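Structural description and commentary
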Amino acid sequence: MVKPFEKTSYTKSTIQIINTLLPLLALLIASGLLYQLHWSLAILCSAVAAIFLIRTFIIFHDACHGSYLKKQKHNDLLGNVTGFLTFFPYRKWRREHLIHHAGSGNLEKRGIGDIWVMTVTEYKCASTTKRCLYKIYRNPFVMFVLGPFFLVLISNRFNAKDAKIRRKKKYLVEQYCPYHIIWQSYLLIRCRTIFRNFRTNGLYCWYDRHLVILYTTYL
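Cut-offs and rules
Residues numbered from 1 in each chain as written. Predicted model: local features only at pLDDT ≥ 70, side-chain atom pairs only at ≥ 80, totals over all residues. Heavy atoms only, no water. Helix = DSSP H or I, 4+ residues; strand = E, 2+ residues; numbered from the N terminus. Buried < 20%, exposed > 50% of the residue type's maximum accessible area, 1.4 Å probe, protein only. Contact = heavy atoms within 4.5 Å. UniProt positions renumbered as here; feature names shortened; annotations may be inferred. Axes fitted to C-alpha atoms, helices over the stretch in contact; angles between N-to-C directions. Parallel < 35°, antiparallel > 145°, perpendicular 65-115°, else oblique. Left-handed = near helix turned anticlockwise from the far one by under 90°. Nonpolar A, V, L, I, M, F, W, Y, C, P; charged D, E, K, R; others polar. Phe/Tyr/Trp six-rings, centres within 6.5 Å; stacked < 30°, edge-to-face > 60°. Lys NZ or Arg CZ within 6 Å of the ring centre and 35° of its normal. Core = buried A, V, L, I, M, F, W, Y, C linked by side-chain atoms within 4.5 Å. Expected span 1.5 Å × (residues − 1). Polar contact = N/O pair within 3.5 Å; in protein donor to acceptor, adjacent residues only side chain to side chain.

- As annotated in an unreviewed UniProt entry, the protein chain is Fatty acid desaturase from Staphylococcus gallinarum.

1. Notes on the overall build of the protein chain
- When helices and strands are tallied, the protein chain shows 9 helices and 0 strands.
- The buried share of the protein chain, taken over its 219 residues, is 28%.
- For the protein chain, the share of sequence-separated contacts (at least 6 apart) that also reach a separation of at least 24 residues comes to 58%.

2. Re the UniProt feature "transmembrane region" (unreviewed entry) in the protein chain
- Cross-referencing UniProt, the feature "transmembrane region" (unreviewed entry) maps to residues 15-34, 41-60 and 141-160 in the present numbering.
- Secondary structure across residues 15-34 comprises 100% helix and 0% strand; the distance between its end C-alpha atoms is 28 Å.

3. Structural notes on the packing of helix H1 (residues 10-35) against helix H2 (residues 39-64)
- Between H1 and H2, whose axes approach to 8 Å, the crossing angle comes to 160 degrees. By the angle between their directions, the pair H1 and H2 is classed as roughly antiparallel. With respect to the hand of their crossing, H1 and H2 are arranged in left-handed fashion.
- Counted by class, the contact of H1 with H2 contains 18 nonpolar, 6 polar and 1 charged residues.

4. Remarks on the packing of aromatic side chains
- In total, this model carries 10 aromatic pairs according to the counting rule given.
- Their ring planes at 90 degrees and their centres at 6.1 Å tell us that Phe88 and Trp93 sit as a pair that is edge-to-face. Like Trp93, Phe88 is buried.
- Relative to Tyr137, the ring of Trp116 lies with its centre 5.7 Å away and its plane at 65 degrees, an arrangement referred to as edge-to-face. Highlighted residues: Trp116 in the loop between helix H4 (90-102) and helix H5 (120-125) and Tyr137 in helix H6 (residues 128-138), separated in sequence by 21 residues.
- Residue class for Trp116 comes out partly exposed when judged on its relative accessible area of 29%.
- A residue is classified by how much of its surface remains accessible, and Tyr137, at 28% relative accessible area, is partly exposed.
- Grouping aromatic residues by their ring pairs yields a cluster made of Phe57, Phe60, Phe88, Tyr90 and Trp93.
- Sitting above the plane of the Tyr123 ring, Arg131 keeps its charged end 5.0 Å from the centroid.

5. Points about the nonpolar core
- Grouped together as the largest cluster of nonpolar side chains are 14 residues, with contacts concentrated most on Ile17, Leu24, Ala49, Ile59, Tyr68 and Leu78.
- When neighbours within four sequence positions are excluded, Leu78 is seen to be in contact with Ile17, Ile59, Ala63, Tyr68 and Leu69.
- Counting 7 residues, the second-largest nonpolar core is a separate cluster that includes Phe60, Phe87, Phe88 and Val152.

6. A closer look at H1
- The terminal C-alpha atoms of H1 lie 37 Å apart, and with 26 residues this matches the ideal 38 Å at 1.5 Å per residue to within 8%.
- Turning to H1, its buried residues number three or more, namely Ser13, Ile17, Thr20, Leu21, Leu24, Leu27, Leu28, Ser31 and Gly32.

7. Structural notes on the environment of Asn75
- Assignment of secondary structure puts Asn75 in helix H3 (residues 72-86).
- Spatially, the C-alpha atom of Asn75 lies 9.7 Å from that of Ile59, the residues being 16 residues apart in sequence.
- Sequence-distant contacts of Asn75, that is, excluding residues within four places in its chain, are made with Ala63, Gly66, Ser67, Tyr68, Leu69 and Tyr90.
- Within the structure, the side chain of Asn75 is placed 3.4 Å from the backbone oxygen of Gly66, a separation counted as a polar contact.
- A polar contact is formed between the side chain of Asn75 and the backbone oxygen of Leu69, at a distance of 2.8 Å.

Encoded structure:
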């Protein structure tokens, strides 16, 4: 039953890339344009864009597994592009995710690319403080609301303690580029406040689009 799906189809892969990335980019641009009319329209458009952002992450995930396209170098290129759009560093996340799959179901190989899981015995033997921290960590609000912010803004930006210097240098651009975008956006906000009376040549229209795209879709 699954044999027809074992081989990669460049045609189907290309179609999925096109019908995912093009609508995403179009919606992001539309968000910026609609913001000139009313901010609520931009948020509505960004909410739809978020759906395509999820599709983009799925493509990113399959590229990390090397299964989306036939050649690994093509998967690497696609993974870097989609990783940039989703704020996930491709090589770092790929390495951790493959380690996670290699030890999936093995309790002795927990801790990389997964969430914190304790067995019943471990929980009973844990201290009161550790139990409390575990309950907080597993709380739905922490995992599904605060967790994504922590994952995107903090966890994805730092290497593991045992990471080699060579690996850290390779991951540097992928990890800190989103911080650069956020910092740039902050400066744009400050510039808009300071130079409020100098709106010329549509410059601040670009500022508005930039901020809507960043804050209403990604964050």
